[in-house]
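What the coordinates show
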Amino acid sequence: VESGESGGGLVQAGGSLRLSCQASGTILSINVMGWYRQAPGKQRELVAAITGGGRLNYADSVKGRFTISRDSARNKAYLQMNSLKPEDTAVYYCNVGYKSSDTYNDLTIWGQGTLVTVSS
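Residues numbered from 1 in each chain as written. Predicted model: local features only at pLDDT ≥ 70, side-chain atom pairs only at ≥ 80, totals over all residues. Heavy atoms only, no water.

1. Some thoughts on the overall build of the chain
Put simply, the rule is: Elements are defined by DSSP. Helices are runs of H or I of four residues or more, strands are runs of E of two residues or more, and each kind is numbered from the N terminus. Each radius of gyration is computed over the set of C-alpha atoms, and the globule rule expresses the reference value as 2.2 Å times the number of residues to the power 0.38. We call a residue buried when its accessible area falls under 20% of the maximum for its residue type, exposed when it is over 50%, and partly exposed in between, using a 1.4 Å probe and counting protein chains only.
Across its full length, the chain carries 0 helices and 11 strands. Taken against the 2.2 N^0.38 rule, which gives 14 Å for 120 residues, the C-alpha radius of gyration of the chain at 14 Å falls within 12% of a compact globule. By principal-axis analysis of the C-alpha atoms, the chain measures approximately 50 × 25 × 20 Å. When the 120 residues of the chain are sorted by exposure, 41% land in the buried category.

2. With respect to the state of the cysteines
The test is simple: Two cysteine sulfur atoms form a disulfide, by the criterion used here, when they sit within 2.5 Å.
In the structure shown here, the tally under the stated rule is 1 disulfide. Linked covalently through their sulfurs, Cys 21 and Cys 94 form a disulfide whose S-S length is 1.9 Å. Across the S-S bond of Cys 21 and Cys 94 the torsion is about -75°, and the bridge reads as left-handed. Within this pair, whereas Cys 21 is found in strand β3 (residues 17-24), its partner Cys 94 is found in strand β9 (residues 90-100), the two being separated by 73 residues in sequence. Look at Cys 21 and you get buried, because its relative accessible area is 1%.

3. Looking at the pairing of β3
Threshold: Note on pairing: DSSP must find at least two bridges between two strands before they are called paired.
When strand β1 (residues 2-6) meets β3, the two strands line up antiparallel, connected through 5 bridges. Bridge pairing in β3 links Ser 6 to Ser 20. Pairing of β3 with strand β8 (residues 76-81), which is carried by 6 bridges, proceeds in the antiparallel orientation. Across the sheet, the residue bridging to Gln 22 is Lys 76, located in β8.

4. Structural notes on the environment of Tyr 93
For clarity, the threshold we go by: Contacts are residue-level and defined by heavy atoms, with any inter-residue pair within 4.5 Å sufficient.
By the element assignment, Tyr 93 lies in strand β9. We classify Tyr 93 as buried; its relative accessible area is 14%. Each C-alpha atom, one on Tyr 93 and one on Arg 18, is 13 Å from the other, the two residues being 75 residues apart in sequence. In this structure Tyr 93 touches Glu 5, Gly 34, Trp 35, Tyr 36, Gln 38, Arg 44, Trp 110, Gly 111, Gln 112 and Gly 113, once residues within four positions along its chain are discounted.

5. A look at the environment of Tyr 78
Examined against the element boundaries, Tyr 78 turns out to sit in strand β8. Note: C-alpha distance between Tyr 78 and Ala 90 (12 residues apart in sequence) is 17 Å. Not counting the four nearest positions on each side in its chain, Tyr 78 is found in contact with Arg 18, Leu 19, Ser 20, Trp 35, Thr 67, Ile 68, Ser 69 and Asp 71.

6. Observations concerning the packing of aromatic side chains
Which entries qualify depends on this criterion: Think of it this way: a Phe, Tyr or Trp ring, Trp meaning its six-membered ring, pairs with another when their centres are within 6.5 Å, and the plane angle makes it stacked under 30 degrees, edge-to-face over 60, tilted otherwise.
What the rule picks out here adds up to 2 aromatic pairs. Relative to Trp 110, the ring of Tyr 36 lies with its centre 4.9 Å away and its plane at 65°, an arrangement referred to as edge-to-face. Of this pair, Tyr 36 sits in strand β4 (residues 27-38) while Trp 110 sits in strand β10 (residues 106-110); the two residues are 74 residues apart in sequence, bridging distant segments of the chain. Given the relative accessible area of 23%, Tyr 36 is considered partly exposed. Given the relative accessible area of 39%, Trp 110 is considered partly exposed. Within the aromatic cluster, the residues linked to one another by ring pairs are Tyr 36, Tyr 93 and Trp 110.

These values are about where atoms sit, not about what they do.
This is the structure:
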């Protein structure tokens, strides 16, 4: 099973970006898809997550600016980021919690990350 992100880049403060995450492989069902970020010298932190049932969770720092959504049929998740700030600069990672169609175990995978840079 693999998870891959795309959509990062350089944007000016106040701008927008949309990140995409694609999970593929022996996936029976998705339990949760989440976006995390890690800025230089800081710990990785949760940005937003959406469960298989559609429950949403956002970090306080991004509420009202970021929106997570998903395409369940394609095992994809998106993070729409608006009103970006320089402090949003980080590597953004997709995390997928899923049930394996091989073993029926609940597993988690991480993507390789995509860099988001917000200039002031």
